[in-house]
Amino acid sequence: MRAIGVSKGKGTIALCLAMLISSQFNFSSETAIDMLLQREVGNATGNATRNATIAIATEWREGKIPKIVHQEWKSRELPPNFKVWNDECIAQNPDWEFRLWTDDDNLKLVEEHYPQLLKLYHNYTEKIKRIDMIRFLYLHKFGGVYMDLDIICVRPFGNYFDQFDDKFLIVNQFGTGKKVEYANAFMASPPRHDVFKTIFHELPLRQSNDVLEATGGLFLQLHVLNNATNKGNWVQLPFEEFYAQDWKQSLKQNKDTYDVCHSFEHCRMRYQNAMTVSMWTGTWAGGNDTAREWYDVGNITYLSNFCGLCLWDGNIYCNARIGYLMGHYKVSEREAVESLTEKNMCLNSQ
(Lines give C-alpha, C1' and ligand atoms only; values in the text may rest on other atoms or scores of the structure.)
Protein backbone atom coordinates (compact mmCIF):
# COMPACT_ATOMS: atom_id res chain seq x y z
CA MET A 1 0.00 0.00 0.00
CA ARG A 2 1.35 3.44 -0.93
CA ALA A 3 2.06 5.75 2.01
CA ILE A 4 -0.32 8.69 2.36
CA GLY A 5 0.26 11.82 4.43
CA VAL A 6 -2.83 12.56 6.52
CA SER A 7 -3.73 15.44 8.82
CA LYS A 8 -4.16 14.82 12.55
CA GLY A 9 -7.44 14.31 14.39
CA LYS A 10 -10.25 13.42 12.03
CA GLY A 11 -7.72 12.80 9.28
CA THR A 12 -6.07 10.07 11.35
CA ILE A 13 -9.44 8.44 12.01
CA ALA A 14 -10.24 8.67 8.30
CA LEU A 15 -6.96 7.00 7.41
CA CYS A 16 -7.56 4.16 9.87
CA LEU A 17 -11.05 3.63 8.48
CA ALA A 18 -9.69 3.80 4.94
CA MET A 19 -7.08 1.16 5.74
CA LEU A 20 -9.77 -1.06 7.24
CA ILE A 21 -12.02 -0.64 4.22
CA SER A 22 -9.19 -1.20 1.78
CA SER A 23 -8.05 -4.37 3.55
CA GLN A 24 -11.57 -5.82 3.80
CA PHE A 25 -12.81 -4.96 0.33
CA ASN A 26 -9.61 -4.85 -1.71
CA PHE A 27 -9.91 -1.09 -2.45
CA SER A 28 -6.89 1.16 -2.66
CA SER A 29 -6.47 3.44 0.36
CA GLU A 30 -6.97 6.49 -1.89
CA THR A 31 -10.32 5.11 -3.12
CA ALA A 32 -11.38 4.37 0.43
CA ILE A 33 -10.63 7.92 1.58
CA ASP A 34 -12.56 9.28 -1.40
CA MET A 35 -15.54 7.15 -0.38
CA LEU A 36 -15.43 8.52 3.15
CA LEU A 37 -15.21 12.09 1.91
CA GLN A 38 -18.08 11.62 -0.52
CA ARG A 39 -20.25 10.13 2.21
CA GLU A 40 -19.37 13.02 4.51
CA VAL A 41 -20.16 15.84 2.11
CA GLY A 42 -22.23 14.24 -0.65
CA ASN A 43 -25.49 15.72 0.67
CA ALA A 44 -24.16 19.26 0.99
CA THR A 45 -26.18 21.88 -0.90
CA GLY A 46 -26.62 25.64 -0.97
CA ASN A 47 -24.42 27.57 1.47
CA ALA A 48 -23.10 24.32 2.89
CA THR A 49 -21.31 23.70 -0.41
CA ARG A 50 -18.44 25.98 0.61
CA ASN A 51 -17.67 23.99 3.75
CA ALA A 52 -18.08 20.75 1.85
CA THR A 53 -15.56 21.71 -0.78
CA ILE A 54 -12.93 22.55 1.84
CA ALA A 55 -13.02 18.94 2.99
CA ILE A 56 -11.99 17.70 -0.45
CA ALA A 57 -8.37 18.75 -0.24
CA THR A 58 -7.48 18.25 3.41
CA GLU A 59 -6.85 14.53 3.67
CA TRP A 60 -3.60 13.81 1.82
CA ARG A 61 -1.21 15.06 -0.79
CA GLU A 62 1.78 13.93 -2.83
CA GLY A 63 4.90 15.92 -3.66
CA LYS A 64 5.80 14.86 -7.19
CA ILE A 65 4.28 16.32 -10.35
CA PRO A 66 3.45 13.23 -12.43
CA LYS A 67 4.21 13.08 -16.14
CA ILE A 68 0.63 13.63 -17.27
CA VAL A 69 -0.61 16.42 -19.55
CA HIS A 70 -4.33 17.22 -19.33
CA GLN A 71 -6.07 18.98 -22.22
CA GLU A 72 -9.73 19.43 -23.05
CA TRP A 73 -12.03 19.93 -26.00
CA LYS A 74 -15.76 19.47 -26.54
CA SER A 75 -15.17 16.20 -28.42
CA ARG A 76 -12.32 14.00 -29.64
CA GLU A 77 -12.51 15.65 -33.07
CA LEU A 78 -9.97 18.46 -32.80
CA PRO A 79 -9.81 21.43 -35.18
CA PRO A 80 -6.98 20.99 -37.72
CA ASN A 81 -4.46 23.30 -36.06
CA PHE A 82 -5.13 21.86 -32.61
CA LYS A 83 -4.66 18.33 -33.98
CA VAL A 84 -1.28 19.21 -35.52
CA TRP A 85 -0.13 20.97 -32.36
CA ASN A 86 -1.34 18.16 -30.10
CA ASP A 87 0.35 15.48 -32.20
CA GLU A 88 3.65 17.36 -32.04
CA CYS A 89 3.43 17.67 -28.24
CA ILE A 90 2.91 13.93 -27.96
CA ALA A 91 5.83 13.28 -30.30
CA GLN A 92 8.08 15.65 -28.36
CA ASN A 93 7.26 13.95 -25.04
CA PRO A 94 7.07 10.17 -25.54
CA ASP A 95 7.60 9.52 -21.81
CA TRP A 96 4.55 11.63 -20.87
CA GLU A 97 0.91 10.57 -20.84
CA PHE A 98 -1.48 12.90 -22.68
CA ARG A 99 -5.14 12.87 -21.65
CA LEU A 100 -7.70 14.60 -23.86
CA TRP A 101 -10.87 15.27 -21.86
CA THR A 102 -14.22 15.87 -23.58
CA ASP A 103 -17.37 17.54 -22.26
CA ASP A 104 -18.78 14.10 -21.47
CA ASP A 105 -15.59 13.09 -19.66
CA ASN A 106 -15.71 16.27 -17.60
CA LEU A 107 -19.26 15.72 -16.43
CA LYS A 108 -18.45 12.13 -15.53
CA LEU A 109 -15.42 13.26 -13.52
CA VAL A 110 -17.55 15.62 -11.45
CA GLU A 111 -20.38 13.12 -11.00
CA GLU A 112 -18.13 10.25 -9.95
CA HIS A 113 -15.39 11.98 -7.96
CA TYR A 114 -16.72 15.42 -6.98
CA PRO A 115 -20.51 15.04 -6.48
CA GLN A 116 -20.37 17.80 -3.88
CA LEU A 117 -19.38 20.20 -6.69
CA LEU A 118 -22.01 19.04 -9.19
CA LYS A 119 -24.53 21.75 -8.29
CA LEU A 120 -21.91 24.47 -8.65
CA TYR A 121 -20.77 22.96 -11.96
CA HIS A 122 -24.30 23.09 -13.40
CA ASN A 123 -25.03 26.51 -11.92
CA TYR A 124 -22.36 28.24 -13.99
CA THR A 125 -24.19 30.20 -16.67
CA GLU A 126 -21.15 30.37 -18.96
CA LYS A 127 -19.54 27.21 -20.27
CA ILE A 128 -16.03 28.64 -19.95
CA LYS A 129 -16.48 28.76 -16.17
CA ARG A 130 -17.17 25.02 -16.13
CA ILE A 131 -14.13 24.48 -18.33
CA ASP A 132 -11.97 26.58 -16.00
CA MET A 133 -13.23 24.76 -12.92
CA ILE A 134 -12.63 21.33 -14.42
CA ARG A 135 -8.94 22.17 -14.94
CA PHE A 136 -8.55 22.41 -11.19
CA LEU A 137 -10.18 19.01 -10.79
CA TYR A 138 -7.75 17.37 -13.24
CA LEU A 139 -4.81 18.64 -11.22
CA HIS A 140 -6.36 17.97 -7.82
CA LYS A 141 -7.36 14.40 -8.66
CA PHE A 142 -4.44 13.28 -10.83
CA GLY A 143 -1.74 15.96 -10.70
CA GLY A 144 0.41 16.78 -13.70
CA VAL A 145 0.28 19.64 -16.21
CA TYR A 146 -2.80 21.36 -17.57
CA MET A 147 -2.12 22.96 -20.96
CA ASP A 148 -4.45 24.64 -23.46
CA LEU A 149 -4.60 23.05 -26.90
CA ASP A 150 -3.30 26.22 -28.54
CA ILE A 151 0.02 25.86 -26.73
CA ILE A 152 2.58 24.20 -28.99
CA CYS A 153 5.57 22.13 -27.91
CA VAL A 154 8.93 23.10 -29.35
CA ARG A 155 11.16 21.20 -26.91
CA PRO A 156 10.51 18.22 -24.62
CA PHE A 157 9.60 18.63 -20.95
CA GLY A 158 11.94 15.86 -19.85
CA ASN A 159 12.30 15.91 -16.07
CA TYR A 160 11.98 19.70 -15.79
CA PHE A 161 9.17 19.60 -13.23
CA ASP A 162 11.00 17.27 -10.84
CA GLN A 163 12.65 20.34 -9.27
CA PHE A 164 9.28 21.62 -8.01
CA ASP A 165 8.23 19.13 -5.36
CA ASP A 166 5.20 20.28 -3.37
CA LYS A 167 4.60 23.35 -5.57
CA PHE A 168 1.69 24.67 -7.60
CA LEU A 169 3.06 26.20 -10.83
CA ILE A 170 1.67 29.05 -12.94
CA VAL A 171 2.93 31.59 -15.50
CA ASN A 172 2.57 35.39 -15.75
CA GLN A 173 0.98 36.00 -19.15
CA PHE A 174 2.65 39.41 -19.54
CA GLY A 175 6.21 38.18 -19.11
CA THR A 176 9.03 38.35 -16.62
CA GLY A 177 9.44 41.78 -15.03
CA LYS A 178 6.19 43.08 -16.48
CA LYS A 179 2.70 43.63 -15.07
CA VAL A 180 1.68 40.53 -13.14
CA GLU A 181 -1.47 38.88 -14.44
CA TYR A 182 -1.67 35.13 -14.37
CA ALA A 183 -3.40 32.98 -16.96
CA ASN A 184 -4.76 29.49 -16.33
CA ALA A 185 -3.70 28.27 -19.78
CA PHE A 186 -0.68 26.48 -18.32
CA MET A 187 -0.61 25.13 -14.76
CA ALA A 188 1.09 22.25 -13.00
CA SER A 189 0.71 20.59 -9.63
CA PRO A 190 1.12 17.39 -7.66
CA PRO A 191 -2.23 15.75 -6.85
CA ARG A 192 -4.17 17.17 -3.91
CA HIS A 193 -1.85 20.08 -3.38
CA ASP A 194 -2.65 22.37 -0.44
CA VAL A 195 -3.50 25.28 -2.74
CA PHE A 196 -6.71 23.47 -3.69
CA LYS A 197 -8.04 24.07 -0.20
CA THR A 198 -8.26 27.75 -1.09
CA ILE A 199 -9.47 27.07 -4.63
CA PHE A 200 -12.38 24.90 -3.48
CA HIS A 201 -13.17 27.37 -0.72
CA GLU A 202 -13.31 30.34 -3.08
CA LEU A 203 -15.02 28.89 -6.18
CA PRO A 204 -18.58 28.98 -4.75
CA LEU A 205 -18.03 32.50 -3.45
CA ARG A 206 -17.02 33.87 -6.87
CA GLN A 207 -19.42 32.04 -9.18
CA SER A 208 -21.34 35.21 -10.11
CA ASN A 209 -18.24 37.23 -10.99
CA ASP A 210 -17.04 37.75 -14.55
CA VAL A 211 -15.17 34.79 -16.04
CA LEU A 212 -11.63 35.89 -15.27
CA GLU A 213 -12.34 36.56 -11.61
CA ALA A 214 -14.81 33.72 -11.10
CA THR A 215 -12.61 30.87 -12.36
CA GLY A 216 -9.79 32.27 -14.52
CA GLY A 217 -6.40 33.84 -14.05
CA LEU A 218 -7.61 36.75 -11.92
CA PHE A 219 -9.44 34.30 -9.67
CA LEU A 220 -6.15 32.54 -9.00
CA GLN A 221 -4.23 35.77 -8.59
CA LEU A 222 -6.61 37.72 -6.35
CA HIS A 223 -8.28 35.03 -4.28
CA VAL A 224 -5.86 32.08 -4.20
CA LEU A 225 -2.19 32.91 -4.70
CA ASN A 226 -2.40 36.18 -2.77
CA ASN A 227 -3.93 34.33 0.16
CA ALA A 228 -1.44 34.30 3.03
CA THR A 229 -2.03 30.59 3.68
CA ASN A 230 -0.50 29.79 0.28
CA LYS A 231 2.73 31.70 0.77
CA GLY A 232 5.60 29.47 -0.34
CA ASN A 233 3.17 26.94 -1.84
CA TRP A 234 3.51 28.04 -5.46
CA VAL A 235 6.08 29.11 -8.03
CA GLN A 236 5.87 31.47 -11.01
CA LEU A 237 7.37 29.73 -14.02
CA PRO A 238 9.41 31.76 -16.55
CA PHE A 239 7.24 33.33 -19.24
CA GLU A 240 10.06 32.81 -21.76
CA GLU A 241 9.93 29.05 -21.27
CA PHE A 242 6.16 28.40 -21.36
CA TYR A 243 4.17 31.17 -23.07
CA ALA A 244 7.08 32.92 -24.83
CA GLN A 245 4.81 34.78 -27.25
CA ASP A 246 3.07 37.95 -26.05
CA TRP A 247 -0.69 37.52 -26.33
CA LYS A 248 -0.98 41.07 -27.72
CA GLN A 249 1.11 39.98 -30.72
CA SER A 250 -1.49 37.36 -31.57
CA LEU A 251 -4.36 39.82 -32.07
CA LYS A 252 -4.74 40.29 -35.81
CA GLN A 253 -6.64 43.53 -35.34
CA ASN A 254 -3.46 45.04 -33.84
CA LYS A 255 -1.80 45.44 -37.21
CA ASP A 256 1.21 47.28 -35.80
CA THR A 257 2.10 44.51 -33.34
CA TYR A 258 0.68 41.33 -34.97
CA ASP A 259 3.65 39.02 -35.28
CA VAL A 260 3.34 35.33 -34.41
CA CYS A 261 5.45 32.38 -35.43
CA HIS A 262 3.92 30.17 -38.12
CA SER A 263 5.67 26.82 -37.91
CA PHE A 264 7.36 24.61 -35.35
CA GLU A 265 10.76 25.47 -36.77
CA HIS A 266 9.99 29.17 -36.85
CA CYS A 267 8.79 29.12 -33.22
CA ARG A 268 11.77 27.03 -32.15
CA MET A 269 14.15 29.43 -33.86
CA ARG A 270 12.50 32.57 -32.48
CA TYR A 271 12.02 31.34 -28.89
CA GLN A 272 15.22 29.47 -28.21
CA ASN A 273 14.65 29.13 -24.45
CA ALA A 274 11.08 27.89 -24.74
CA MET A 275 9.65 24.44 -24.17
CA THR A 276 6.18 25.59 -25.18
CA VAL A 277 4.79 28.61 -27.05
CA SER A 278 1.23 29.89 -26.71
CA MET A 279 -0.61 30.81 -29.89
CA TRP A 280 -3.33 32.61 -27.87
CA THR A 281 -6.19 31.67 -30.20
CA GLY A 282 -8.77 32.94 -27.70
CA THR A 283 -11.37 30.25 -28.42
CA TRP A 284 -12.78 30.77 -24.90
CA ALA A 285 -13.80 34.29 -25.90
CA GLY A 286 -15.04 33.41 -29.38
CA GLY A 287 -11.65 33.38 -31.11
CA ASN A 288 -11.09 31.20 -34.15
CA ASP A 289 -8.25 28.68 -34.16
CA THR A 290 -8.11 28.94 -37.97
CA ALA A 291 -7.03 32.58 -37.56
CA ARG A 292 -3.55 31.24 -36.90
CA GLU A 293 -1.77 30.49 -40.17
CA TRP A 294 0.29 27.39 -39.62
CA TYR A 295 2.83 25.81 -41.94
CA ASP A 296 4.60 22.59 -41.15
CA VAL A 297 7.74 23.43 -43.12
CA GLY A 298 8.97 19.87 -42.70
CA ASN A 299 6.22 18.89 -45.15
CA ILE A 300 6.80 21.58 -47.75
CA THR A 301 7.32 19.56 -50.92
CA TYR A 302 8.71 22.32 -53.09
CA LEU A 303 11.47 23.01 -50.58
CA SER A 304 13.13 19.69 -51.36
CA ASN A 305 14.30 21.08 -54.72
CA PHE A 306 16.25 23.79 -52.89
CA CYS A 307 17.91 21.82 -50.12
CA GLY A 308 21.35 22.64 -51.44
CA LEU A 309 20.58 26.35 -51.34
CA CYS A 310 18.63 26.60 -48.13
CA LEU A 311 20.16 24.06 -45.77
CA TRP A 312 23.68 23.90 -44.43
CA ASP A 313 24.97 21.77 -41.60
CA GLY A 314 21.39 20.91 -40.68
CA ASN A 315 20.48 24.57 -40.06
CA ILE A 316 16.75 25.30 -40.13
CA TYR A 317 16.70 29.09 -40.32
CA CYS A 318 15.73 29.16 -44.00
CA ASN A 319 12.96 26.61 -43.48
CA ALA A 320 11.48 28.84 -40.82
CA ARG A 321 11.76 31.90 -43.02
CA ILE A 322 9.78 30.19 -45.75
CA GLY A 323 6.96 29.39 -43.34
CA TYR A 324 7.09 32.93 -41.99
CA LEU A 325 6.91 34.54 -45.45
CA MET A 326 4.00 32.33 -46.46
CA GLY A 327 2.03 33.31 -43.37
CA HIS A 328 3.04 36.92 -42.86
CA TYR A 329 3.03 38.10 -46.49
CA LYS A 330 0.43 35.64 -47.80
CA VAL A 331 2.68 34.37 -50.59
CA SER A 332 2.81 30.86 -51.99
CA GLU A 333 5.43 28.31 -51.05
CA ARG A 334 7.13 28.69 -54.45
CA GLU A 335 7.14 32.51 -54.18
CA ALA A 336 8.66 32.34 -50.68
CA VAL A 337 11.48 30.02 -51.74
CA GLU A 338 12.24 31.95 -54.90
CA SER A 339 12.24 35.26 -53.01
CA LEU A 340 14.73 33.98 -50.46
CA THR A 341 16.93 32.47 -53.13
CA GLU A 342 16.89 35.62 -55.28
CA LYS A 343 17.82 37.79 -52.31
CA ASN A 344 20.52 35.37 -51.17
CA MET A 345 18.86 35.13 -47.77
CA CYS A 346 19.50 31.42 -47.31
CA LEU A 347 22.50 32.19 -45.17
CA ASN A 348 23.49 31.18 -41.66
CA SER A 349 21.82 34.08 -39.88
CA GLN A 350 18.51 34.95 -38.32
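Residues numbered from 1 in each chain as written. Predicted model: local features only at pLDDT ≥ 70, side-chain atom pairs only at ≥ 80, totals over all residues. Heavy atoms only, no water.

**Looking at the overall build of the protein**
Tallying secondary structure elements over the protein gives 15 helices and eight strands in all. Counting only residues that meet the buried cut, the protein has 51% of its 350 residues in that class. Considering only intrachain contacts with a sequence separation of at least 6, the fraction spanning at least 24 residues in the protein is 75%. Accessible area for the protein stands at about 16300 Å²; split by element, carbon and sulfur atoms hold 51% of it. (Helix = DSSP H or I, 4+ residues; strand = E, 2+ residues; numbered from the N terminus. Buried < 20%, exposed > 50% of the residue type's maximum accessible area, 1.4 Å probe, protein only. Contact = heavy atoms within 4.5 Å. Areas by Shrake-Rupley, 256 points an atom, 1.4 Å probe, with all protein chains shown as cover.)

**Some remarks on unusual backbone geometry**
Most peptide bonds take the trans configuration, and most residues that are not glycine carry a negative phi. We note that Asp-166 has phi near 65°; this positive angle belongs to a residue other than glycine. Its place among the elements puts Asp-166 in the loop between strand 4 (151-153) and strand 5 (168-172). On the basis of relative accessibility, which here comes to 37%, the residue Asp-166 falls in the partly exposed class. Although it is not a glycine, Ala-244 sits at a positive phi angle of roughly 65°. In this structure, Ala-244 sits in the loop between helix 11 (239-242) and helix 12 (264-270). Looking at Ala-244, the relative accessible area reads 12%, which means it is buried.

**A short note on the state of the cysteines**
When the sulfur atoms of two cysteines share a covalent bond, that bond is a disulfide. Applying the stated rule across the entire model yields one disulfide. Covalently, Cys-89 is tied to Cys-153 through a disulfide, its sulfur atoms 2.1 Å apart. One quick way to see it: the torsion about the S-S bond of Cys-89 and Cys-153 is about 95°, and its sign makes the bridge right-handed. Of the two residues, Cys-89 sits in helix 4 (residues 80-92) while Cys-153 sits in strand 4, which places them 64 residues apart along the sequence. (Disulfide = S-S within 2.5 Å.)

**What about the packing of helix 7 (residues 127-142) against helix 8 (residues 195-202)?**
It is at 11 Å that the axes of helix 7 and helix 8 come closest, and there the two elements cross at 145°. In the crossing of helix 7 with helix 8, the sense of the turn from one axis to the other is left-handed. Only Phe-196, Ile-199 and Phe-200 of helix 8 make contact with helix 7, whose side of the interface consists of Phe-136, Leu-137, Leu-139 and His-140. Taken together, the residues that form the contact of helix 7 with helix 8 break down as six nonpolar, one polar and no charged. (Axes fitted to C-alpha atoms, helices over the stretch in contact; angles between N-to-C directions. Left-handed = near helix turned anticlockwise from the far one by under 90°. Nonpolar A, V, L, I, M, F, W, Y, C, P; charged D, E, K, R; others polar.)

**Topic: the packing of helix 5 (residues 103-113) against helix 7**
Remark: helix 5 packs on helix 7, axes separated minimally by 10 Å, with the N-to-C direction vectors making an angle of 60°. Taken together, the axis directions place helix 5 and helix 7 in an arrangement best described as oblique. Crossing of helix 5 over helix 7 shows left-handed handedness. From helix 5, Asp-103, Asn-106, Leu-109, Val-110 and His-113 reach across to helix 7, where they touch Lys-127, Ile-134, Leu-137, Tyr-138, Lys-141 and Phe-142. (Parallel < 35°, antiparallel > 145°, perpendicular 65-115°, else oblique.)

**Let's talk about the side chain of Lys-129**
Relative to the elements of secondary structure, Lys-129 occurs in helix 7. Classification of Lys-129 as buried rests on a relative accessible area of 2%. Not counting chain neighbours up to four residues away, the residues in contact with Lys-129 comprise Tyr-124, Gln-207, Ser-208, Asn-209, Asp-210, Val-211, Ala-214 and Thr-215.

**Here's the deal with the packing of aromatic side chains**
The way to describe two aromatic rings as a pair is by their centre distance and the angle between their planes. Counting across every chain of the model gives 22 aromatic pairs. Ring centres of Trp-73 and Phe-82 lie 5.2 Å apart, and the angle between their planes is 85°; this geometry places the pair in the edge-to-face category. Here Trp-73 matches Phe-82 in class, with each residue buried. By way of ring pairs, the aromatic residues Trp-96, Phe-157, Tyr-160, Phe-161, Phe-164, Phe-186 and Phe-242 are connected into one cluster. For Arg-99, the ring lying beneath its charged end belongs to Phe-142, and the centroid distance is 4.7 Å. (Phe/Tyr/Trp six-rings, centres within 6.5 Å; stacked < 30°, edge-to-face > 60°. Lys NZ or Arg CZ within 6 Å of the ring centre and 35° of its normal.)

**Some details on the environment of Trp-101**
Checked against the element boundaries, Trp-101 lands in strand 2 (residues 97-101). Of the residues examined, Trp-101 reaches a relative accessible area of 11% and is grouped as buried. The spacing of Trp-101 and Ile-134 is 33 residues in sequence and 9.8 Å in space, taken between C-alpha atoms. When sequence neighbours within four positions are dropped, the list of residues in contact with Trp-101 reads His-70, Gln-71, Glu-72, Trp-73, Asn-106, Leu-109, Tyr-138 and Phe-142.

**Quick word on the sheet that holds strand 2**
Pairing is mixed in the open sheet, where six strands are placed in the order 2-1-3-6-5-7. The sheet terminates laterally at strand 2 and strand 7 (234-237), the two strands that pair on one side only. Put simply, the sheet's adjacent strands are angled 25° from each other on average, direction ignored. Pairing between strand 3 (residues 144-147) and strand 6 (residues 182-189): four bridges, direction antiparallel. Within strand 6, the position partnered with Met-147 by the bridge is Phe-186. (Pairing = 2+ DSSP bridges.)

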